[in-house]
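# Survey of secondary and tertiary structure
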Amino acid sequence: MPVPWFLLSLALGRSPVVLSLERLVGPQDATHCSPGLSCRLWDSDILCLPGDIVPAPGPVLAPTHLQTELVLRCQKETDCDLCLRVAVHLAVHGHWEEPEDEEKFGGAADSGVEEPRNASLQAQVVLSFQAYPTARCVLLEVQVPAALVQFGQSVGSVVYDCFEAALGSEVRIWSYTQPRYEKELNHTQQLPALPWLNVSADGDNVHLVLNVSEEQHFGLSLYWNQVQGPPKPRWHKNLTGPQIITLNHTDLVPCLCIQVWPLEPDSVRTNICPFREDPRAHQNLWQAARLQLLTLQSWLLDAPCSLPAEAALCWRAPGGDPCQPLVPPLSWENVTVDKVLEFPLLKGHPNLCVQVNSSEKLQLQECLWADSLGPLKDDVLLLETRGPQDNRSLCALEPSGCTSLPSKASTLWDDDLGALWACPMDKYIHKRWALVWLACLLFAAALSLILLLKKDHAKGWLRLLKQDVRSGAAARGRAALLLYSADDSGFERLVGALASALCQLPLRVAVDLWSRRELSAQGPVAWFHAQRRQTLQEGGVVVLLFSPGAVALCSEWLQDGVSGPGAHGPHDAFRASLSCVLPDFLQGRAPGSYVGACFDRLLHPDAVPALFRTVPVFTLPSQLPDFLGALQQPRAPRSGRLQERAEQVSRALQPALDSYFHPPGTPAPGRGVGPGAGPGAGDGT
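Here we summarise the structure given alongside this text.

What counts, and at which threshold
- Residues numbered from 1 in each chain as written.
- Predicted model: local features only at pLDDT ≥ 70, side-chain atom pairs only at ≥ 80, totals over all residues.
- Heavy atoms only, no water.
- Helix = DSSP H or I, 4+ residues; strand = E, 2+ residues; numbered from the N terminus.
- Buried < 20%, exposed > 50% of the residue type's maximum accessible area, 1.4 Å probe, protein only.
- Contact = heavy atoms within 4.5 Å.
- Areas by Shrake-Rupley, 256 points an atom, 1.4 Å probe, with all protein chains shown as cover.
- Phe/Tyr/Trp six-rings, centres within 6.5 Å; stacked < 30°, edge-to-face > 60°.
- Expected span 1.5 Å × (residues − 1).
- Polar contact = N/O pair within 3.5 Å; in protein donor to acceptor, adjacent residues only side chain to side chain.
- Pairing = 2+ DSSP bridges.
- Axes fitted to C-alpha atoms, helices over the stretch in contact; angles between N-to-C directions.
- Salt bridge = Lys/Arg side-chain N within 4 Å of Asp/Glu carboxyl O.
- Disulfide = S-S within 2.5 Å.

## Examining the overall build of the chain
- Helix and strand counts for the chain stand at 15 helices and 35 strands.
- Every one of the 685 residues in the chain was classed for burial, and the buried ones make up 44%.
- Look at the contacts in the chain between residues 6 or more apart in sequence, and 67% of them connect residues 24 or more apart.
- Roughly 35800 Å² of accessible area belongs to the chain as shown, and the carbon and sulfur atoms make up 53% of that amount.

Okay, here's the thing in structure tokens:
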């Protein structure tokens, strides 16, 4: 910006120094050259790319010396900018190469050589300027007539008017030709500083030292300069002579400016902003910046100065994990200080936060909705986006990333671009635990009653209980999520009997039969994803119980075909669970966290798709000991009581198996059901 006469007189000294500087009128750059030369300045700046040195094809013009001069570029008579004039002195370097055999070419060769030797020389001279934080390059075209081309001799100079620079700045100048035949010239010019203003630090304080003569009366004002809107005044005083103004270092921000003017009629005010590039000021700016929630959907960034920034929503889960940006489906939005912004939210959530980045660095993060909606919730965020052909993709946000869910279930959102869905887990997790505790109490009461009625078995039960305690809590307390296809009501009763028998070991078993209300409220995809996430985070195991219906659904998903015949009830979570199960198997995460099982005489293990046989698949009840061993903690010692537990589970399963394979009213062959039972067992064959 133009520098008033008052400031220039302080910086450069009083008359005649200031008056002796040449004045240039107008904002346009210009060039002129020595007599006999012709020169032209390109209309626009160029990229500063010197390139490599290449051999000269013959005589060329090369810069030999740089000369600088301080001038004034004035908009008004008393408002001027300091400007640096640069003169580039040029000389002819190189020579013409003589033909190897003049006689071979004869007169034709002579005439061909004389023509270029009598031609003029042209050059493109680049001037590169750097004065932090400004950098620019200009191109000058110079032509020297043949009469002035003398090898090794100077041909004159070309002058560029001019490069504007601030008081006190250091300007570095380079000059070279395009193409570059020699090493570039360089020169450093230090511009005069402001002797009356100095900024110094003293601990936590910053001193503005104004070295002004004692008879000088002046006004001083501190203010925040605003890109949009009027300045915000911070401090003002009328002073006389030398002064030291003390500021706390936390008060420094890039837009903190100083306005000074002589206390004279019609005086011109000078504005200086010395902290624009101060790292402390930029750090203080972000510390003072705040995000303010105005309504459910609108918010703004409040800061003393304007700053380049962009913002996006992120999801912060409990447990200290980093907030995960929701990009995509949302995108980063440019932020303007004190300008109201909106996000496409239907409602707020305490886990939704706003991240503000500047220069690809996180500067601010605040969960704006936490104050009104409470602390963070243990919820799962599902993201759905739609492609150009209405194809949809669904994933669940986890600490390791967004797990793809290739769901074929009906969609839950209607917007055009995509949607976010927060699935609350706390309600049904609490209810599930309440049901578990109730079941445990009922089981304890029933056990006490059995012990009283059957004293002969009391010692056996006590012995089993004692061995359970010795085996440790790791094997007893493992979580197990049981997934199955609801082929029919009889099979559901069989699954319920298996789940109840496993609870008596005890295992912490989760199955959709016991969570119908939560399943209906949340939907199969969300319910299963929450249960799977909870189970795997606790080091549990997911049990895939295969049946003919389950095998058909798995084959359908693997072949990406249409739904096969057969109705599936609204509470069938197996179809929805495949959307999360398949990625675990395809990406090799299933071993150690999944096991498979099927019932004897209902399905052969070889019928299970090969992808799911990458984990153990057991037949029940014939392989119950191995199945129960797989349900133990991975590092738990192998219990010697697995056979007893297998017989216990087998006895609990036998009525359900007999009812499923031999419904009432049909003759039942005399066969046993146990670890050694199989097709034809006990029928006399």
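## Notes on the packing of aromatic side chains
- Throughout the structure, instances matching the rule amount to 9 aromatic pairs.
- Centre to centre, the rings of Phe129 and Tyr160 are 5.8 Å apart; their planes meet at 35°, and the pair counts as tilted. Residue Phe129 is found in strand β7 (residues 121–131), and its partner Tyr160 is found in strand β9 (residues 154–164); the two are separated by 31 residues along the sequence. Considered together, Phe129 and Tyr160 belong to a single accessibility category, that of buried residues.
- Seen in terms of ring centroids, Phe491 and Phe599 are 6.1 Å apart; in terms of plane orientation they differ by 85°. Their pairing is edge-to-face. Note that Phe491 is positioned in helix α9 (residues 489–503) and Phe599 in strand β34 (residues 594–599), a separation of 108 residues in sequence.
- Judged by its relative accessible area of 0%, Phe491 falls in the buried class.

## Quick look at α9
- For α9, spanning 15 residues, the distance from its first C-alpha to its last is 21 Å, which sits close to the expected 21 Å at 1.5 Å a residue.
- Those residues of α9 not exposed but buried are Gly490, Phe491, Leu494, Val495, Gly496, Ala497, Leu498, Ala499, Ala501 and Leu502.

## Examining the side chain of Ser547
- Here Ser547 lies in the loop between β33 (541–545) and α12 (548–559).
- Among the polar contacts made by the side chain of Ser547, one reaches the side chain of Asp487 at a distance of 2.8 Å.

## Topic: the sheet that holds strand β16 (residues 243–248)
- With antiparallel pairing, the 3 strands of this open sheet are ordered in space as β12-β13-β16. Pairing within the sheet leaves two strands with one partner each, and these edge strands are β12 (197–202) and β16. Across this sheet, the average inter-strand angle for adjacent strands is 25°, counted without regard to direction.
- Examined bridge by bridge, β12 and strand β13 (residues 205–210) share 6 bridges and lie antiparallel to one another. When the bridges of β13 are listed, Val199 appears paired with Leu208.

## A closer look at unusual backbone geometry
- Gln178 connects to Pro179 through a cis peptide bond whose omega is -5°.
- Relative to the helices and strands, Pro179 is located in the loop between β10 (170–177) and β11 (185–190).
- The backbone of Asp338 sits at a positive phi, close to 65°, despite the residue not being glycine.
- Counting through the fold element by element, Asp338 comes out in the loop between β23 (333–335) and β24 (341–342).

## Brief notes about the pattern of salt bridges
- Across all of its chains, the model carries 14 salt bridges by this definition.
- Arg85 serves as the salt-bridge partner of Asp161, at 2.5 Å between the closest nitrogen and oxygen. Residue Asp161 is located in strand β9, and its partner Arg85 is located in strand β6 (residues 79–93); the two are separated by 76 residues in the primary sequence. Accessibility classification places Asp161 together with Arg85 in one group, the buried group.
- Measuring nitrogen to oxygen at the nearest pair gives 3.0 Å for the salt bridge that ties Asp584 to Arg532. On the criterion of sequence distance, the pair formed by Asp584 in helix α13 (residues 573–586) and Arg532 in helix α11 (residues 524–537) is long-range, its members being 52 residues apart.
- Taking the relative accessible area as the measure of exposure, Arg532 reaches 4% and is therefore buried.

## Details of the state of the cysteines
- Summed over all chains, the structure comprises 6 disulfides.
- Paired through a disulfide, Cys83 and Cys162 show a sulfur-sulfur distance of 1.8 Å. Around the S-S axis, the bridge from Cys83 to Cys162 shows a dihedral of about 95° and counts as right-handed. On the criterion of sequence distance, the pair formed by Cys83 in strand β6 and Cys162 in strand β9 is long-range, its members being 79 residues apart. Taken as a pair, Cys83 and Cys162 share a single burial class, namely buried.
- Paired through a disulfide, Cys257 and Cys273 show a sulfur-sulfur distance of 1.9 Å. Judged by the sign of its S-S torsion, about 95°, the cystine formed by Cys257 and Cys273 is right-handed.

## Regarding the sheet that holds strand β35 (residues 617–620)
- Here 5 strands make up an open sheet; going across it, the order is β32-β31-β33-β34-β35 and the pairing parallel. Whereas interior strands pair on both sides, the edge strands pair on one side only; in this sheet they are β32 (508–510) and β35. Strand after strand, the sheet turns through a mean of 25° between neighbouring axes, direction not considered.
- Strand direction decides the pairing type here: β34 and β35, joined by 4 bridges, are parallel. When the sheet's bridge partners are listed, Cys598 is paired in β35 with Thr619.
- In the packing of α11 onto the sheet, contacts are made with β31 (479–484), β32, β33 and β34, and the angle to β31 comes to roughly 145°.

That is the geometry; function is a separate question.
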